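The lines below spell out each chain.
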Amino acid sequence: EILPVFFSCSEFDSFERFAERWMGELLFSFQTASEQPFPGNVQALLRAHRGVIPKTIAKMKSVKKLVLKKRYDQAHQELLSLSGILQQESGRKILMVLDEFDRLSELGLKDPFSSLGKEIMVQKETMFLVTSSRPSRSLAIFREKLSLLFANFEVVKLGPFHFEECREFMNLRFPLSEFSEELKRFLIRMTDGHPFYLEILASRLERCALGAHE
């Protein structure tokens, strides 16, 4: 019944790339939930869903046209509305996870957080979960840009894990990796138990290990 969509707001080098990734994550999540084989490329994915979620695909085409015309503020508003349209067409409630959401300020838009606030108010069947590694900055955004919605947010501070919690986190997050106990202890001490840094380092090590085996 729930369609989870994860989007990292810190991984972009231009608004064009940001928009492409946003639409791509929505399509990727919808395709994953459908449990159907993935087409060979994005264009094939669009064609596959044209008859299933036509309004969502049409809106994506509209966003692309706005991006080509460099009307980025309008394109950003349309991007935010996509999850609501997808919810209506798919019949699934959506969990929209915006990682490092405060980085939206780096897109060069007039007021990206006001646009986000408007969509949060309108999209009743979409839950927005925002995360940030800069708590003071994110709280300032809540107070100054999302003040009308601040009461509707539950703020959860994620502190460092205890040693055993870190080991359990690594075992659950990286079940196929063969991290030695010595390496686990080293990573836990090095990151002081902060899950954000622990996951980043462990992910990089996992990729290096997989690359070495290929």
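Going by the structure above, here's the rest.
What you are looking at is a predicted structure, and each value in this text was computed from that prediction instead of being measured. (Residues numbered from 1 in each chain as written. Predicted model: local features only at pLDDT ≥ 70, side-chain atom pairs only at ≥ 80, totals over all residues. Heavy atoms only, no water.)

> What is the right way to read the overall build of the protein chain from this model?
When its secondary structure is counted, the protein chain shows 9 helices and 3 strands. Along the first, second and third principal axes, the C-alpha atoms of the protein chain reach 55 × 45 × 35 Å. Expressed as a percentage of its 214 residues, the buried residues of the protein chain come to 39%. When contacts within the protein chain are restricted to residue pairs at least 6 apart in sequence, long-range pairs at least 24 apart make up 67% of them. Accessible surface computed for the protein chain: about 13100 Å², of which carbon and sulfur atoms make up 55%. Positive and negative charge centroids in the protein chain, built from 30 and 29 side chains respectively, lie 8 Å apart. (Helix = DSSP H or I, 4+ residues; strand = E, 2+ residues; numbered from the N terminus. Buried < 20%, exposed > 50% of the residue type's maximum accessible area, 1.4 Å probe, protein only. Contact = heavy atoms within 4.5 Å. Areas by Shrake-Rupley, 256 points an atom, 1.4 Å probe, with all protein chains shown as cover. Lys, Arg positive; Asp, Glu negative; His and termini not counted. Charge placed at Lys NZ, Arg CZ, Asp CG, Glu CD.)

> Quick question: what am I supposed to make of helix α4 (residues 72–90) here?
Because the α-helix completes a turn every 3.6 residues, residues three or four places apart line up on one side. Across its 19 residues, α4 extends 27 Å between first and last C-alpha, which sits within 8% of the 27 Å expected from 1.5 Å per residue. Of all the bends in α4, the greatest, near 30°, is centred on Ser81. Following α4 by one or two positions, Gly91 adopts a phi angle in the positive range, close to 75°. (Expected span 1.5 Å × (residues − 1). Bend = angle between axes of the 7 residues up to and from the residue.)

> Looking at this model, I keep getting lost on the packing of aromatic side chains. Mind explaining?
Tallied over the full model, the rule gives 9 aromatic pairs. A centroid spacing of 4.9 Å and a plane angle of 35° characterise the contact between Phe15 and Tyr72, whose relative ring orientation is tilted. Taken as a pair, Phe15 in helix α1 (residues 15–34) and Tyr72 in helix α4 lie far apart in primary sequence, 57 residues in all. Where Phe161 meets Phe169, the ring centres are 5.8 Å apart and the plane angle is 65°; that geometry is what we call edge-to-face. Judged by relative accessible area, which is 25%, Phe161 ranks as partly exposed. For Phe169, a relative accessible area of 18% translates into the label buried. (Phe/Tyr/Trp six-rings, centres within 6.5 Å; stacked < 30°, edge-to-face > 60°.)

This is a description of form; function is not addressed.
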